[in-house]
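# Summary of structural features
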Amino acid sequence: TPSSVVFYDTESLASNVTFSDADLDLGDLGGNLTWFAPVDTVHVTHYVVYMAEGHRGHGRKFMGKVTVDDENFFVPPETPKAGFTHFLVYTLSDLALQT
């Protein structure tokens, strides 16, 4: 006998990620990373921040995570740039990290 299941597929992406570098050293970073929260945050528990070698996340390095109530992350002064070109902000739910 056929049966069905109702499910809801949602997408919750952080947007407009902006970084203000306040570290004056050429090879170092430091300052505030900010973003806009997704419209739908009902399943979002945290934001996870990475530095990466490109916008697709290649060679990413975990920087930290903040609760869904925060829309900013402080990058400590003298954080080595070390070939990283992008900051990535992923949403995290009880089920999985954004992919």
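A short tour of the structure in this document, coming up.

Basis of the calculations
Residues numbered from 1 in each chain as written. Predicted model: local features only at pLDDT ≥ 70, side-chain atom pairs only at ≥ 80, totals over all residues. Heavy atoms only, no water. Helix = DSSP H or I, 4+ residues; strand = E, 2+ residues; numbered from the N terminus. Buried < 20%, exposed > 50% of the residue type's maximum accessible area, 1.4 Å probe, protein only. Lys, Arg positive; Asp, Glu negative; His and termini not counted. Salt bridge = Lys/Arg side-chain N within 4 Å of Asp/Glu carboxyl O. Polar contact = N/O pair within 3.5 Å; in protein donor to acceptor, adjacent residues only side chain to side chain. Contact = heavy atoms within 4.5 Å. Pairing = 2+ DSSP bridges. Axes fitted to C-alpha atoms, helices over the stretch in contact; angles between N-to-C directions.

Time to look at the side chain of aspartate 23. Mapped onto the secondary structure, aspartate 23 falls in the loop between β1 (15-21) and β2 (28-36). An unpaired buried charge is present at aspartate 23: no salt bridge exists, and lysine 81, the closest side chain of opposite charge, is 12 Å distant. In this structure the side chain of aspartate 23 is engaged in a polar contact, spanning 2.8 Å, whose partner is the backbone nitrogen of aspartate 25. Contacts of aspartate 23, omitting those with residues within four sequence positions, involve Asp28, Leu29, Gly30, Pro77 and Glu78.

What follows concerns the sheet that holds strand β5 (residues 72-80). Neighbouring strands of a sheet are bound in pairs by backbone hydrogen bonds; such pairs are parallel or else antiparallel. In spatial order, the strands read β1-β2-β5; together these three strands make up an open sheet with antiparallel pairing. Two strands bound the open sheet, and with one partner strand each, they are β1 and β5. Across the sheet, the axes of successive neighbouring strands diverge by a mean angle of 20 degrees, strand direction being ignored. Across six bridges, the pairing between β2 and β5 is antiparallel. Looking across to β5, one finds that aspartate 28 is bridged to proline 80.

Function cannot be read off these values alone, since they describe shape.
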